[in-house]
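Fold and geometry: a report
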Amino acid sequence: MIFECPSGHICFSKDELTICGMRGCNKQIDMLSPDDIKWFYKINKNGLCITRTDLHMIIEDPNMPNDVKKQIQKVFTNIP
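Computed from a prediction, not measured in an experiment: that's the story for all the values here. Here the residue numbering is sequential within each chain, running from 1 through the sequence in written order. Under the rules for a predicted model, residues below a pLDDT of 70 receive no local features and side-chain atom pairs below 80 are neither given nor counted, while totals for whole chains, interfaces and linings still include all residues. Excluding hydrogens and water, the side-chain values take into account all heavy atoms of the structure.

Turning to the overall build of the protein chain, a few remarks are in order. A run of DSSP states H or I qualifies as a helix once it reaches four residues; a run of E qualifies as a strand once it reaches two. Both are numbered from the N-terminal end. When helices and strands are tallied, the protein chain shows two helices and four strands. Counting from the amino terminus, the protein chain carries its helices and strands in the arrangement β-β-β-β-α-α. Here the protein chain has a C-alpha radius of gyration of 12 Å; the compact-globule value for 80 residues is 12 Å, and the two agree. Its C-alpha atoms give the protein chain principal-axis dimensions of about 30 × 25 × 20 Å. A contact between two residues is defined here by any heavy atoms of the two lying within 4.5 Å. A separation threshold of at least 6 residues defines the contact pool for the protein chain, and within that pool the share at least 24 residues apart is 50%. For every accessible area listed, the method is Shrake-Rupley and the probe measures 1.4 Å; residues are considered covered only by the protein chains on display. Accessible area for the protein chain stands at about 5100 Å²; split by element, carbon and sulfur atoms hold 50% of it. Charged residues are defined here as Lys and Arg on the positive side and Asp and Glu on the negative side; His and the ends of the chain fall outside this count. Where a charge lies is defined by one atom per residue type, namely NZ (Lys), CZ (Arg), CG (Asp) and CD (Glu). Here the protein chain holds 10 positive side-chain charges and 10 negative ones, and the gap between their average locations is 4 Å. A radius of gyration in this sense is built from C-alpha atoms; the matching globule rule multiplies 2.2 Å by the number of residues raised to 0.38.

Shown next, in the form of structure tokens:
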């Protein structure tokens, strides 16, 4: 699932979150999409958090699988 907190932290988690997973952030979080991007669990078994302004790095990373990039672009349509 994909979540976002008011601070612009995006969290990818297989668990239902109510609090942001970014270290040091304890803000409530809203679900953006029920889609699950399982590839992120290779990095961390619990999921991954990234700032919204850094999402472009996923798209620009040549080592990132194309299906992951497509899933991100599906949810975040304003990323090139």
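Here the narrative resumes, following the displayed structure.
With that out of the way, let us pick up the pattern of salt bridges. Between Lys or Arg on one side and Asp or Glu on the other, a salt bridge is scored when a side-chain nitrogen of the former is within 4 Å of a carboxyl oxygen of the latter. Inspection of every chain in the model, using the stated rule, returns two salt bridges. Note that Glu4 is salt-bridged to Arg52, the shortest N-O span being 2.8 Å. Residue Glu4 is located in strand S1 (residues 2-4), and its partner Arg52 is located in the loop between strand S4 (48-51) and helix H1 (55-60); the two are separated by 48 residues in the primary sequence. Each residue is assigned to one of three classes by its accessible area relative to the maximum for its type, calculated with a 1.4 Å probe on protein chains only: buried under 20%, partly exposed between the two thresholds, exposed over 50%. Overall, the relative accessible area of 16% leaves Glu4 in the buried class. Residue Lys74 pairs with Asp35 through a salt bridge whose shortest N-O separation is 3.4 Å. Remark: Asp35 occurs in the loop between strand S3 (30-33) and S4 and Lys74 occurs in helix H2 (residues 66-75); sequence separation between them is 39 residues.

It is worth spelling out the nonpolar core at this point. In this structure, Phe12, Leu55, Ile58 and Ile72 are the most contacted members of the largest nonpolar core, which totals 14 residues. When contributions to this core are tallied by element, the ones reaching two or more residues are strand S2 (9-12), H1 and H2. Per-element accounting of this core gives the leading share, three residues, to H1. Each residue touching Ile72, except ones within four places of it in the same chain, is listed here: Phe12, Ile37, Phe40, Ile58, Ile59 and Ile79. We define a nonpolar core as any set of buried Ala, Val, Leu, Ile, Met, Phe, Trp, Tyr and Cys residues linked to one another through side-chain atoms lying within 4.5 Å.

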